[in-house]
Amino acid sequence: MADDLPPVLSRLLTPAAPPADDEPWAEFVRLHSKLLLHVCRSLGGGHDAAMDRYAYLLEQLRRDDYRRLRTFVADGRSEFSTWLVIVAQRLCLDHHRHRYGRARSPLGDGPAHEDERRARRRLVDLVSAEIDMAALRDGGTPSPEEEFHSSEAHRALESALNQLPPRDRLLVRLRFEDELPMPEVARALGLPSRFHAYRRLTAVLAALRHELERAGSGRPVQGLARPGELSVSSEWHERNDHDTL
Amino acid sequence: MILSDPGHPSAEDLAAYLSGSLPAPEALHLESHLSDCWPCRQEVIGGRRLLRSRPYDRRWLLVPAAAAAVLALVLLRPGPAGEPGDGPLRAVGQQGQESARTLDVVSPAEGDTADVGGPSFIWRAARGEPLYRMTIADRTGRTLWTGDTSDTTLTPPPSLRLDRGSKYFWYVDALDVQGRSVTTGAQSFHTAP
């Protein structure tokens, strides 16, 4: 397997290298320091914080005779640098937790820190806002019957969201819960362009609308594109027109 | 610690997912996890951002470098440079650049005369809806202006002042999300006297 490793890593991990010989490690650091520093800086906090992370990162990578580096499997599924970015991110997160505990994360405070039920409700609320659930009512103060219908529609939406295929559910979460711009949603899902992401999201929301209507609102829901329409809401395009893929 | 947390994807799996090489059933399983696991989702989002902006990512550098090299060949070659029919587009192909001919120029064609008041540059779309980067250089090869677009046409801003009766070069590089790049190679045009 060592033959498949990147040469620098192979030299570093080969037992033939005398333990006192720091040259392979120096070579490894020389080759990857830019990437590792890039990861450290990406988490913010200024120069000192980045250098703290960098020092921790190097210490952890070198620890126990390069234990973490030895876990890299050169099976051709990814480049070593891609794997290293993931590991470096995780180590930076560990560093943050060691220093500040689990309450705060350099990645931000997300739904994972909230009650799972509240997180789901939030997603439903966000999607509801996008598809204009108020359109289910005729305007003015909702009557008890209208409130009941609205509540039923929310429940139906939550149920429909939970039943989406994993990839579509991920798309909805990236867009509404993580509030990523569409080019970034496309990248996160490995789609060729934001237009592919738009098309898929349009289809998903059309399916949700269908599910809502089927669940008994019996009324068209504004803000949801019919199947075949390119866009769901002009607001999305306005929000993302400045984005480039 | 997340690195060894059971129930979360391994670094290898996430790296394979980011590389697009995770088999479909495993990718489906991973996406199911990501849709319900905010920290892992942030890892993927962060990983994509970092890989896209990594410092020794030379994807963008290689194509302009190739185009610049071609430009240098055109400029240094004895005799009239950049005549129609012996264009650098072919030279790029001969040097083995990936699919150089797949990015075709529409206007201005090689050697055309263009208006100094801001000619529009048009090329044919490459596969994969890539991001295009267009560069205009003077006859010494010095870059005068660079612009990015996802469209297949670009008009330089009025602030770019081109001299009348002069020769300029332009080229477009396309980069898709898979990191594949194609180029028109350097094209020349003249400004009206």
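Remember, predicted model here, so these are calculated numbers, not experimental data.

Colleague: Just give me the short version of the overall build of chain B, but keep the residues and values in it.
Modeller: Regarding its fold elements, chain B presents 5 helices and 9 strands. For chain B, the α and β elements follow one another from N to C terminus as α-α-α-α-α-β-β-β-β-β-β-β-β-β. Each of the 193 residues in chain B was classed as buried or not, and the buried ones make up 36%. Summarising the internal contacts of chain B: among those between residues at least 6 apart in sequence, 61% fall at separations of at least 24.

Colleague: Provide a residue-level description of the sheet that holds strand S1 (residues 105-107) of chain B, including the pertinent values.
Modeller: Residue and element names in this part refer to chain B. Spatial strand order, S1-S3-S6: 3 strands in an open sheet with antiparallel pairing. At either margin of the open sheet sits one strand with a lone partner, and together these are S1 and strand S6 (153-154). Judged from the 2 bridges that link them, strand S3 (residues 121-123) and S6 form a sheet pairing that is antiparallel. Considered in S6, the bridge of isoleucine 122 is made with threonine 153.

Colleague: Could you give me a rundown of the nonpolar core, with the residues and numbers involved?
Modeller: Ranked by internal contacts, the top residues of the largest apolar core, which has 57 residues, are Ala88(A), Leu157(A) and Val185(A). Counting residues per element, this core draws most heavily on helix H4 (residues 80-100) of chain A, which supplies 9 residues. In this view, Ala88(A) contacts Leu36(A), Val39(A) and Leu57(A); residues no more than four positions away in its chain are not counted. In terms of nonpolar packing, the next biggest core, distinct from the first, is built from 20 residues, Tyr132(B), Ala137(B), Val172(B) and Ala174(B) among them.

Colleague: Account for the packing of helix H3 (residues 46-70) of chain A against H4(A), with residues named and values stated.
Modeller: All names here are of chain A. Relative to each other, H3 and H4 sit at 115°, their axes nearing to 9 Å. In terms of orientation, H3 and H4 fall into the roughly perpendicular class. H3 and H4 meet at a crossing whose hand is right-handed. Only Val87, Ala88, Leu91, Cys92 and His95 of H4 make contact with H3, whose side of the interface consists of Arg53, Tyr56, Leu57, Gln60 and Arg68. Of the residues assigned to the contact of H3 with H4, the class counts are 6 nonpolar, 2 polar and 2 charged.

Colleague: Quick one: what's the story with the interface of chain A and chain B, residue by residue and with numbers?
Modeller: At the interface, 37 residues of chain A touch 40 residues of chain B. Those elements giving two or more residues to the side of chain A that touches chain B turn out to be helix H2 (23-42), H4, helix H7 (166-177) and helix H8 (182-189) of chain A. The element that contributes the greatest number of residues to the side of chain A that touches chain B is H4(A), accounting for 9 residues. Counted by class, the side of chain A that touches chain B contains 18 nonpolar, 9 polar and 10 charged residues.

Colleague: I'd like a description of the pairing of strand S7 (residues 167-175) of chain B, backed by residues and values.
Modeller: All names here are of chain B. Counting buried positions over the 9 residues of S7 gives 8, a clear majority of the element. Summarising the sheet, strand S4 (residues 131-138) and S7 pair through 8 bridges and their orientation is antiparallel. Within the sheet, the bridge partner assigned to aspartate 138 lies in S7 and is tyrosine 168. With 4 bridges connecting them, S7 and strand S9 (residues 187-191) associate as antiparallel partners. Paired with phenylalanine 169 across the bridge in S9 is serine 188. Taken together, the 3 bridges between S7 and strand S8 (residues 181-183) define a ladder with antiparallel strand orientation. Following the sheet pairing, aspartate 173 is matched in S8 by threonine 183.

Colleague: Give me the packing of H2(A) against H3(A): which residues, what numbers.
Modeller: All names here are of chain A. Viewed as axis vectors pointing N to C, H2 and H3 meet at an angle of 135°, and their least axial separation amounts to 10 Å. One finds that H2 runs oblique with respect to H3. For the crossing formed where H2 meets H3, the hand is right-handed. Each of Trp25, Val29, Leu36, Leu37, Cys40 and Arg41 in H2 lies in contact with H3, whose residues at this interface are Ala50, Arg53, Tyr54, Leu57, Leu58 and Arg62. Tallied by class, the residues present in the contact of H2 with H3 amount to 9 nonpolar, no polar and 3 charged.

Colleague: Give a description of H7(A) that names residues and reports values.
Modeller: Three or four residues apart is the spacing at which side chains of an α-helix point the same way, because the helix has 3.6 residues per turn. Residue and element names in this part refer to chain A. Burial of H7 is extensive: 9 of the 12 residues sit out of reach of the surface. By the burial criterion, the buried members of H7 are Asp168, Arg169, Leu170, Leu171, Val172, Arg173, Leu174, Arg175 and Phe176. Residue glutamate 179 follows H7 closely and has a positive phi angle near 55°.

Quick notes on the rules
Residues numbered from 1 in each chain as written. Chains lettered and ligands numbered in written order. Predicted model: local features only at pLDDT ≥ 70, side-chain atom pairs only at ≥ 80, totals over all residues. Helix = DSSP H or I, 4+ residues; strand = E, 2+ residues; numbered from the N terminus. Buried ≥ 20, exposed ≤ 12 C-beta atoms within 10 Å, placed from the backbone. Contact = placed C-beta atoms within 7 Å. Pairing = 2+ DSSP bridges. Core = buried A, V, L, I, M, F, W, Y, C linked by C-beta atoms within 7 Å. Axes fitted to C-alpha atoms, helices over the stretch in contact; angles between N-to-C directions. Parallel < 35°, antiparallel > 145°, perpendicular 65-115°, else oblique. Left-handed = near helix turned anticlockwise from the far one by under 90°. Nonpolar A, V, L, I, M, F, W, Y, C, P; charged D, E, K, R; others polar.

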